[in-house]
Amino acid sequence: MLSALAFACLLAQVRPPLDMSSRYDVVDPNRLALTPMIDGRFDNEEWDVLHSSPTAPVFLQWEPGTLYLGGKFPVGKDVVFSLDMQGDGWLIGRDNVEVRVVWADGAPKVSARMLDAENRNAPAWIFSPFVEAGIRSAGQLTPEGWNLEMAIQSVDLPPAVLGRTIGIRADVLDPIDVTVEPYLPRRTSVVALRWERSRGLFSGMEWEPEYKVRSVTPGDSIRIRMNFLNRGSTIPLRAQMRTEGFGDGVTKALTIPFPSFDRKGRAFLDYETEVGRTATRGYRVLRVNFNNEEGKEAIIQTSYKVADSVDIEPTLPGDLVMVPDSRIIRGEVVLRSNTSRRVSGNLEIVPPENWSVAKFKANRFTIYHSRSQMKAPFELIVPQNARGLFSLRFNVTIGDQKFTRIAQLAIR
Ligand SMILES: [Ca+2]
Ligand SMILES: [Ca+2]
């Protein structure tokens, strides 16, 4: 008698390999920094559509160090994302990640593996537990399908940074469909991680933003200037400016006449807003729509960060391998102020269980100067035979505010 597994394999064998050579259409190859909330629920303008489809739309955005992927998929179907993290081709390099997500027991279940194609004649799957451990996900079942929200951290992957190009495709498939053959090509579409983008900009028109700083703390104000150069003949009439999504209601929305261009064709728009104290943290997108006499519309967008009073930026050693003895490893944490005011508070490092922190003197800290920073070196005592992906928590308390940054340390 055939076991269930053998039967599944037999079924899989008679199904032809999945065709991943078809074109994968993307709405816009420029992807903005925009921080979602990974809670399974889609809020208004929380996600930026990558692939538009009535049955299986896919979303993609980023912030430094994290890629965000989401989508909505039919009940009873799985989804496979193919990510070529350097954008150099699916069958090239050791940067190709397959993420498969199934809906099981009321939640999305994520598995990931890497395709090592460094030897172009013999691409091979490699198990990548750290990539998998670096993915956070949430979902929700709705009458139209299942929602997926994922945050993919850059553990063991080329990091999500400004300007990176990534090849991507997503395929919806049946649970019995397998993607075993490592040598089969996959046709990905290349996207780029950006701060800015525009759509439908009038012919002869260019723009660029001007920031003093790209971040603002809740309760403070930010000014974003948009400089335009117009060599074309279209005269914009009105401009509508607002912060999308989670920025709505805690920032200003306004409509103004578009300023006239000077003799050299230059004009600028200023968006100045206070950010409410209740604003959620993360990257937000300012959207400016403007139209002309014929009703043609252009959109420009730029990402800025609603930040805590300080950013916590730990640096940990990269290439650690397991050793039989306990040992000391050294790291450093930088606290970067996001405000013009003096900041003082408390910094605490919480190591993994059975680890301890040594030589750390920054419990109490003060950053005197505007948007300045301080560095605190520390040492960790790691127990013998420690191996895996470990989480370190960095807690900062400033008055009644508390912020936490979790850093991952890999020991292979
Ligand atoms: Ca959400
Ligand atoms: Ca590649």
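Caption draft 1: Spatial organisation of the domain arrangement of the protein chain. The domain boundaries assigned to the protein chain delineate domain 1 (18–190), domain 2 (196–306) and domain 3 (310–411). For domain 1 and domain 3, the distance between their C-alpha centroids amounts to 30 Å.

Caption draft 2: Representation of the sheet that holds strand E1 (residues 30–32) within the structure. Sheet architecture is open: 7 strands sit in the order E1-E12-E11-E5-E6-E7-E8, paired in mixed fashion. The sheet terminates laterally at E1 and strand E8 (124–127), the two strands that pair on one side only. Each neighbouring strand pair of the sheet contributes to a mean axis angle of 35°, computed without reference to strand direction. The pairing of strand E7 (residues 107–117) with E8 spans 4 bridges and is antiparallel. Within E8, the residue paired with Leu-115 across the bridge is Trp-125.

Caption draft 3: Expanded view of the nonpolar core. With 60 residues, the main nonpolar core has Leu-60, Leu-69, Phe-81, Val-97 and Val-288 as its most contacted residues. Here this core spans two domains, since at least three of its residues come from each of domain 1 (18–190) and domain 2 (196–306). Leaving out residues up to four positions away in the same chain, Leu-60 has contacts with Arg-31, Asp-48, Leu-50, Tyr-68, Leu-69, Ile-168 and Val-191. Formed by 15 residues, the second largest nonpolar core is a distinct cluster that contains Val-310, Phe-378, Leu-392 and Ala-410.

Caption draft 4: A look at the pairing of strand E4 (residues 66–73). Extensive coverage of E4 is indicated by the burial of 7 of its 8 residues. Note that strand E3 (residues 58–63) and E4 share 6 bridges and pair antiparallel. From the neighbouring strand, Glu-63 faces E4, where its bridge partner is Thr-66. Hairpin remark: E3 followed by E4, antiparallel, with 2 residues in the connecting loop; positive phi at Gly-65, about 90°. The pairing of E4 with strand E10 (residues 145–153) spans 8 bridges and is antiparallel.

About the thresholds
- Residues numbered from 1 in each chain as written.
- Chains lettered and ligands numbered in written order.
- Predicted model: local features only at pLDDT ≥ 70, side-chain atom pairs only at ≥ 80, totals over all residues.
- Domains from an automatic or database assignment.
- Pairing = 2+ DSSP bridges.
- Helix = DSSP H or I, 4+ residues; strand = E, 2+ residues; numbered from the N terminus.
- Axes fitted to C-alpha atoms, helices over the stretch in contact; angles between N-to-C directions.
- Core = buried A, V, L, I, M, F, W, Y, C linked by C-beta atoms within 7 Å.
- Buried ≥ 20, exposed ≤ 12 C-beta atoms within 10 Å, placed from the backbone.
- Contact = placed C-beta atoms within 7 Å.

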